[in-house]
Amino acid sequence: MSRLQAPSPNRGIYVHIPFCRSRCGYCSFVSQVHRSGNEEGYFDALCAEIREKETFFEKADTIYIGGGTPSAVSPKNLERTVYELKNRYDASSLREFTIEMNPESATREKISFYKSVGVDRFSLGVQSFDNRVLKILGRVHSRREIVRALELFGVEDNLTIDLIWGVTGFRQNISFIDDYPIKHVSTYLLTLEEKTPLFNAGYRVKGDSYVEKEYFMLLEELYKRGFERYEVSNFAKRGFESVHNSAYWETDSVYAGYGVSAASYDTKRRIQNTDSIEDYISSGGRLEYAESVDLKKNSIEKIMLSMRTVKGLKVTGEIREHLDFNKVDSYVKSGKLRMKSETLSFTERGFLIMNYVLSDILF
Ligand code: SF4
C-alpha cells in the first residue's frame, strides 16, 4: 500500500530548531548562528511549550523536526524534546518521523542516535553539488562534505535532499543522485527577499527565460531517474512521498507546531508562535497569536493548497464561488491549467507560474 493511502486526515507535529552553523546568503527563515551555550535556554522554553500548551489531538501520525539545522544542536537536547513529545502524545503508531540535517553537521553517531529515538526519514540540505553555486549561496558546506554525508546513508534509509535551482549561470547537474539511496527530492527556485545578505550584495535572480530553461531540464533529469512529481516542489520515488508535508496541503489535516515561528492548526484556528527567538525564550515558549479561520478564508486556502498538488482541486459548489471561470478557461486553453472530471490542476508549464495564475483566477 502506498504510504499516502493511509488514513486521513493526518495529525502532524512540527518542531522548529532555529540554529545553524552560519547564515546562508539567501536565508529568510527564523534562525541564528549556533554557539555553544546558546541552545540551552531555547530548549528549556521548547520543552515547557510542549508540556504546557493545550493539545487538540492525542495520537500523532507524523513528527517533523526542522529548522534551522536540527543536526547542529546537541543530541541531548533533541532527546529531551522527543521525550516531552512522547509524554504528551501517543506516538506508538507514527507513520513518519523526519529530521532535517545539513551536510557539515551530519555524522554516523548522530544518525544512529536519531534512529534510536524513532526517526525514520532524513532530509539533507544539499542545495547544489557545485562548489561555485554553494559559494554564491553562502552555504557553509562544500561538495566534499555533501559526499561524506551522503555516504553515511544505506539503501534501507529513507533519504530526501533539498536542491535550489535558478542560480545565475549554473545548471544543476544532478547525476550524483544515481550514486546514493535518495528516495525523494525537494526543489526550490532561488528567491531573494530584500534584506538578505545576497540581495544586499547586489545579486539578483535570473530572468524568466533562463529560469524556464533550467526548470524543464531539472524536470527531465528527475523524471529520467524515476522520480514522480506529487507537489509543485516535491518529487518522490513511488511510495516515498512525504506523509507529513502532504498533510499541509489537505485543509482537513491538523498540526501542532512547537518552537519559535511554528504554527498550529486545528481546522478552526491558526495559532502562530512569535518570530523572535529572544521573546520565545523569555516567555518560556508561551508567546503566540491565535487567529480564527473563517469559511471564505478556508475555501481560498483549500484552493491554494490543493492546487500545489499534482492531484489538483475538486471543483465543488463552494469552491466555484471563488474562481473566475473566464480566466480559468483561458489558462486551460493556453496549456497552463487542466480540467478533468471536475478536477482542476496545473500542467508542468503552469506550475512554473503557479503564484501568478492563482492570484489571477481567485476572487
Ligand atoms: S541552513 Fe537553512 S535555515 Fe540555516 S541559514 Fe542556511 S538557509 Fe537558513
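Being a predicted model, the structure only gives us computed values, none of them experimental.

Colleague: Tell me about the site of the ligand, and name the residues and values.
Modeller: Around the ligand sit Cys20, Arg23, Cys24, Cys27, Phe29, Ser31, Gly67, Gly68, Thr69, Asn102 and Gly125, and that is every residue in its neighbourhood. Across the shell around the ligand, the residue classes break down as four nonpolar, six polar and one charged.

Colleague: Describe the nonpolar core, listing the residues and the values that go with them.
Modeller: Within the largest apolar cluster, 70 residues are counted, with the highest numbers of intra-cluster contacts made by Ile13, Leu46, Ile63, Leu124 and Leu163. Per-element accounting of this core gives the leading share, six residues, to helix H1 (residues 40-52). Among all residues touching Leu46, those that are not within four sequence positions of it are Thr81, Tyr258, Gly259 and Gly285. Counting residues in hydrophobic clusters, the runner-up holds nine residues, among them Leu313, Tyr331, Leu337 and Phe346.

Colleague: Got a sec to walk through the packing of helix H12 (residues 325-333) against helix H14 (residues 354-361)? Specific residues and values, please.
Modeller: Direction vectors running N to C along H12 and H14 enclose 145°, while the axes themselves pass 9 Å from each other. Contact with H12, carried on its side by Lys327, Val328 and Tyr331, involves Val357, Asp360 and Ile361 of H14 and no other residues of that element. Partitioned by chemical class, the residues of the contact of H12 with H14 number four nonpolar, no polar and two charged.

Colleague: Requested: an account of the domain arrangement of the protein, with residues and values cited.
Modeller: Domain annotation for the protein reports domain 1 (3-248) and domain 2 (295-363). Of note, the centres of domain 1 and domain 2, computed from C-alpha atoms alone, are 28 Å apart. Taken residue by residue, the interface counts eight residues in domain 1 and eight residues in domain 2. Those elements that place two or more of their residues in the side of domain 1 that touches domain 2 are helix H7 (208-224) and strand E9 (228-231).

Colleague: How would you summarise the packing of H1 against helix H2 (residues 75-88) if you had to cite specific residues and measurements?
Modeller: Relative to each other, H1 and H2 sit at 10°, their axes nearing to 9 Å. Relative to H2, the element H1 lies roughly parallel. Side by side, H1 and H2 meet where Phe43, Leu46, Cys47, Ile50 and Arg51 of the first sit next to Asn77, Arg80, Thr81, Glu84, Leu85 and Arg88 of the second. When its residues are assigned to classes, the contact of H1 with H2 shows five nonpolar, two polar and four charged.

Colleague: Please give an account of helix H10 (residues 295-307) that cites residues and values.
Modeller: Taking 1.5 Å of rise per residue, the 13 residues of H10 would be expected to cover 18 Å, and the 18 Å separating its terminal C-alpha atoms lies within 8% of that figure. Residues Lys302, Ser306 and Met307 constitute the buried set of H10. Projected down its long axis, H10 carries its buried residues within an arc of 110°, all on one side. Those residues of H10 that are buried lie in contact with strand E15 (313-314), strand E17 (343-346) and H14.

Colleague: How would you explain unusual backbone geometry if you had to name every residue and give the values?
Modeller: Each neighbour pair has its own omega, and for Gly67 with Gly68 the value is 20°, a cis peptide bond. If you trace the backbone, Gly68 turns up in the loop between strand E4 (62-67) and H2. Although it is not a glycine, Ser261 sits at a positive phi angle of roughly 70°. Within the fold, Ser261 resides in the loop between strand E11 (254-258) and strand E12 (263-265).

Colleague: Break down the pairing of E9 for me, citing the residues and quoting the values.
Modeller: Bridge analysis of E9 against strand E10 (residues 234-236) gives three bridges, and the strand direction is antiparallel. Paired with Glu231 across the two strands is Asn234, which belongs to E10.

Colleague: Help me get a handle on the sheet that holds E17, residues and values and all.
Modeller: Across the sheet, three strands lie side by side as E15-E17-E16; this open sheet has antiparallel pairing. Looking at which strands have only one partner, the edges of the open sheet turn out to be E15 and strand E16 (337-340). As paired strands, E15 and E17 are joined by two bridges and run antiparallel to one another. Bridge pairing in E17 places Leu313 opposite Leu344. The sheet contacts of H12 involve E16 and E17, and relative to E16 the element is tilted by about 105°.

Colleague: Got a sec to walk through the environment of Thr81? Specific residues and values, please.
Modeller: On the secondary structure map, Thr81 appears in helix H2. Overall, Thr81 belongs to the buried group, with 23 C-beta atoms counted inside 10 Å. Between the C-alpha atoms of Thr81 and Cys47, which are 34 residues apart in sequence, the distance is 5.9 Å. Look past the residues within four positions of Thr81 in its chain and what remains in contact with it is Val15, Phe43, Leu46 and Cys47.

Colleague: Which residues make up helix H5 (residues 143-150), and what values do they have?
Modeller: Three or more residues of H5 are buried, namely Ile146, Ala149 and Leu150. On an axial view of H5, the arc spanned by its buried residues comes to 95°, and they lie on one face. On its buried side, H5 packs onto strand E6 (121-127).

Colleague: Describe the environment of Leu218, naming the residues involved and giving the relevant values.
Modeller: Along the chain, the position of Leu218 falls in helix H7. Here Leu218 is in contact with Trp165, Gln172 and Thr187, once residues within four sequence places are set aside.

Parameters at a glance
Residues numbered from 1 in each chain as written. Predicted model: local features only at pLDDT ≥ 70, side-chain atom pairs only at ≥ 80, totals over all residues. Near = placed C-beta within 6 Å. Nonpolar A, V, L, I, M, F, W, Y, C, P; charged D, E, K, R; others polar. Core = buried A, V, L, I, M, F, W, Y, C linked by C-beta atoms within 7 Å. Buried ≥ 20, exposed ≤ 12 C-beta atoms within 10 Å, placed from the backbone. Helix = DSSP H or I, 4+ residues; strand = E, 2+ residues; numbered from the N terminus. Contact = placed C-beta atoms within 7 Å. Axes fitted to C-alpha atoms, helices over the stretch in contact; angles between N-to-C directions. Domains from an automatic or database assignment. Parallel < 35°, antiparallel > 145°, perpendicular 65-115°, else oblique. Expected span 1.5 Å × (residues − 1). Arc of directions from axis to C-beta. Pairing = 2+ DSSP bridges.

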